[in-house]
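Chain residues, written in single-letter form:
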Amino acid sequence: MIGCASGAPAAAGPPVASAATSTAAPLPALEWKFSQVFGERAIGEEVQEVDIISAIEFDKTGEHLATGDRGGRVVLFERTDGRDQRTRRELERADSLGPRHLEYRYSTEFQSHEPEFDYLKSLEIEEKINKIRWCQTTNAAQFLLSTNDKTIKSWKVTEKKVKQVKNLNLDPGAMQRNGNAMVSSMVLNPKGFAPRLSMNGDGVNRPIPDICPDFAFPPGGFPSLHLPALWSNETALIARCRRVYANAHAYHINSISNNSDCETFISADDLRINLWNFEVSDQSFNIVDIKPTNMEDLTEVITSAEFHPSHCNMLAYSSSKGSIRLIDMRQSALCDRHSKLFEENEPAGARSFFTEIIASISDIKFARGGRYILSRDYMTLKLWDINMESAPVATFKVHEYLRPKLCDLYENDSIFDKFECCLSGDGTRVATGSYSNLFRVFGTSSGSEEASTLESSKTPNRRVMTPFLKPGSRLANLARGRRENRRVSESPTADMNGGVHDFSSKLLHLAWHPTANLIACAASNSLYMYYA
């Protein structure tokens, strides 16, 4: 049985972690500590819209981290502790102090997308990066996919030697022996004849000095004049766009996902999911199409899609109605029928105007083994077992204290915010973001009551936490929830942390390291990292 956090009832199901059993003691709660921050904002500093981070992704090894922003840029980071250059004595001293936590450093950045304009539909296409996915590596090169609303691009990032041209080394005495303007220009500006090569190897044009009409080489020429030679004393990471996958989506792309066969990937928009081959950019196959003949009959849209981590024929996609469909591509070319449907129906008496809005799933993730699917809707995280469609095996309430404020959230459009979710590599914990730059970490192992709330700052635990209610019976939890809502409504400005709601500071994007307890999360234009 999987435990439930934050007082949310859970249905019975097998444990997430293979090592956990019904008799095993629950894992202790992790103590999260600040590790690093990139792009920290100074007090009172105004954040530019183009600098706000819109995507985060670790690669499979955890050696590299990529972020995308609203300005269409992709920034890459690499682990620093993986390539330790310290002496043996320093390493032995560090071992005696205990293991070091993972650290990263800035690697490179490149402009992935530019703003465009669709003249046929008279629509502006933003350069904002919606998703980033790392691909299978080849040799020392890194490959990744990035997408904005309409166009997917494949990038190759490789290390290249930066070549330069040695300067001409004329003898300064040559100017005294020949007062010609040509020689004078060579001596005074020896770099004028040495074209420096740019990062991609192309020459940079420089002005050529004027040659006097009566110029003549002296007998024997210039002994001190040598031919230029190429040399390189440094390396740099160069990003090159390999392919552009365009003109396949009529609606905004919300997801891309790589297949385990390392040859194909999918891209999903509001109504369709397309299957691509990495080597073919001018053709894709439509495998899911929920567009009705009459658009007035449209009742739901696709919100997220993800390939199974090990079965190349299976993928899952979520909808705005709060359902997850698992499809098998072996059944038919157009997968208009699902193999399994995961959906939790609200009791008839509990439905309201906001029920469908907050039920919309904004993100889904497969656990590493592929047996569990984590979904995030507006109010909760839900963990589903693909062998049990009737109900989630665990439900985690993220910010239940906002339920009485749904009307205010609807008026300021915050109710439509799309929060992402992630799982730890071993599947024993899940995480997601909230408002006021907070993020939540829940334990999924049997009997776990871990439900940590942390702030994206250098002091993540500085907020005073109120004790969470222990899981009880369904009736007791419902009654307790009504009393909580009543107390919150009496003090509308106070949240569970005793603070004021800040709906403008929202933590939408975060990622969990594939093998270590390290979380990277985006708070506006700043990238924070925490370890446990």
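- In the nomenclature of an unreviewed UniProt entry, the chain corresponds to Serine/threonine-protein phosphatase 2A 55 kDa regulatory subunit B from the organism Physcomitrium patens.
- Quoted verbatim from the Function (unreviewed entry) heading of the UniProt record, the comment on the chain is "The B regulatory subunit may modulate substrate selectivity and catalytic activity, and may also direct the localization of the catalytic enzyme to a particular subcellular compartment."

### So, a nonpolar patch on the surface
Right, on to step 1. There is a patch of nonpolar side chains on the surface, built from Phe 353, Tyr 410 and Phe 416 and spanning about 310 Å² of accessible area.
Right, on to step 2. Classification of Phe 353 by relative accessible area gives exposed; the value is 55%.

### What about the environment of Ala 140?
Right, on to step 1. Position of Ala 140 among the secondary structure elements: in the loop between β8 (131-134) and β9 (142-147).
Right, on to step 2. Overall, the relative accessible area of 68% leaves Ala 140 in the exposed class.
Right, on to step 3. Separated by 17 residues in sequence, Ala 140 and Val 157 place their C-alpha atoms 9.0 Å apart.

### Brief notes about the sheet that holds strand β25 (residues 429-433)
Right, on to step 1. The sheet built from four strands is open, its strands ordered β24-β25-β26-β27 with antiparallel pairing. Of all the strands in the sheet, just β24 (421-423) and β27 (451-455) have a single pairing partner and so form its edges. Ignoring strand direction, the axes of neighbouring strands in this sheet form an average angle of 20°.
Right, on to step 2. The pairing of β25 with strand β26 (residues 438-443) spans five bridges and is antiparallel. Paired with Arg 429 across the two strands is Gly 443, which belongs to β26.

### Structural notes on the environment of His 513
Right, on to step 1. Relative to the elements of secondary structure, His 513 occurs in the loop between β28 (509-512) and β29 (518-523).
Right, on to step 2. Residue classification places His 513 among the buried positions, given a relative accessible area of 1%.
Right, on to step 3. Setting aside its immediate chain neighbours within four residues, His 513 contacts Phe 58, Thr 61, Gly 62, Leu 102, Tyr 104, Gly 425 and Leu 518.
Right, on to step 4. A distance of 3.4 Å separates polar atoms of two side chains, one belonging to His 513 and the other to Tyr 104.

### Observations regarding the sheet that holds strand β5 (residues 104-111)
Right, on to step 1. With antiparallel pairing, the four strands of this open sheet are ordered in space as β2-β3-β4-β5. Strands at the two margins of the open sheet, each flanked by one partner only, are β2 (53-58) and β5. On average, adjacent strands in this sheet sit at an angle of 20° to one another, irrespective of strand direction.
Right, on to step 2. Where strand β3 (residues 64-69) lies against strand β4 (residues 73-79), five bridges are found, and the strand directions are antiparallel. Across the sheet, residue Thr 67 finds its bridge partner in β4, namely Val 75.

### Concerning a positive patch on the surface
Right, on to step 1. Where like charges cluster on the molecular surface, the positive patch consists of Lys 160, Lys 161, Lys 163 and Arg 240.
Right, on to step 2. Examining the composition of the positive patch, we find that three residues originate from one element, strand β10 (residues 152-165), more than from any other.

### Concerning the nonpolar core
Right, on to step 1. Grouped together as the largest cluster of nonpolar side chains are 16 residues, with contacts concentrated most on Trp 32, Phe 439, Val 441, Leu 510 and Ile 519.
Right, on to step 2. Taken together, the elements giving at least two residues each to this core come down to β26, β28, β29 and β30 (526-531).
Right, on to step 3. With three residues, β29 is the single largest residue contributor to this core.
Right, on to step 4. Beyond its immediate chain neighbours, meaning those up to four positions away, Leu 510 contacts Ile 56, Glu 420, Cys 421, Cys 422, Ala 431, Thr 432, Gly 433, Phe 439, Ile 519, Ala 520 and Cys 521.
Right, on to step 5. In this structure, Phe 38, Leu 102, Ala 520 and Met 529 belong to the second largest nonpolar core, which totals 15 residues.

### Some points on the side chain of Thr 432
Right, on to step 1. The residue Thr 432 is located in strand β25 in this model.
Right, on to step 2. For Thr 432, a relative accessible area of 0% corresponds to the buried category.
Right, on to step 3. Engagement of the side chain of Thr 432 in a polar contact is seen with the backbone oxygen of Glu 420, the distance being 2.7 Å.

### A closer look at the pattern of salt bridges
Right, on to step 1. One pass over the full model with this rule turns up 21 salt bridges.
Right, on to step 2. The residue Asp 51 makes a salt bridge to Arg 73 at a minimum N-O spacing of 2.6 Å. Linking Asp 51 in the loop between β1 (33-38) and β2 with Arg 73 in strand β4, this pair joins segments that are 22 residues apart in sequence.
Right, on to step 3. Residue Asp 51 is classed as partly exposed on the basis of its relative accessible area, which comes to 30%.

Rules of the game
Just so you know, the residues in each chain are numbered from 1, in the order the chain's sequence is written. In keeping with the model being predicted, local features are shown solely for residues with a pLDDT of at least 70 and side-chain atom pairs are shown and tallied solely at 80 or more, while totals for entire chains, interfaces and linings include all residues. Derived side-chain values reflect all non-hydrogen atoms in the structure, with water molecules and hydrogen atoms excluded from consideration. UniProt positions are given in the numbering used here, feature names are shortened, and annotations may be inferred rather than shown by experiment. In this scheme, patches are assembled from residues that exceed 30% relative accessible area and form no salt bridge. Like charges are connected within 9 Å, while nonpolar side chains (Val, Leu, Ile, Met, Phe, Trp, Tyr) are connected within 5 Å. To measure how exposed things are, a 1.4 Å probe is used in the Shrake-Rupley method; for residues, cover is taken only from the protein chains shown. The rule for a salt bridge is simple: a side-chain nitrogen of Lys or Arg has to be within 4 Å of a carboxyl oxygen of Asp or Glu. Residue burial is assigned from relative accessible area. The probe radius is 1.4 Å, only protein chains are included, and a residue is buried under 20% of its type maximum, exposed over 50%, and partly exposed in between. Comment: elements are numbered from the N terminus, with helices defined as DSSP H or I runs of at least four residues and strands as E runs of at least two. Two strands pair if DSSP finds at least two bridges between them. To obtain an axis, a line is fitted to C-alpha atoms, over the contacting stretch when the element is a helix, and the angle between two such axes runs from 0 to 180 degrees between their N-to-C directions. Here a residue-residue contact requires only that any non-hydrogen atoms of the pair lie within 4.5 Å. We call two N or O atoms a polar contact when they sit within 3.5 Å, provided that within protein one can donate a hydrogen and the other can accept it, with sequence-adjacent residues counted only if both atoms are side-chain atoms. Positive charges come from Lys and Arg alone, negative charges from Asp and Glu alone, with His and the N- and C-terminal ends not counted. Think of each charge as sitting on NZ of Lys, CZ of Arg, CG of Asp or CD of Glu. The criterion is simple. A nonpolar core is a set of buried Ala, Val, Leu, Ile, Met, Phe, Trp, Tyr and Cys residues joined through side-chain atoms within 4.5 Å.

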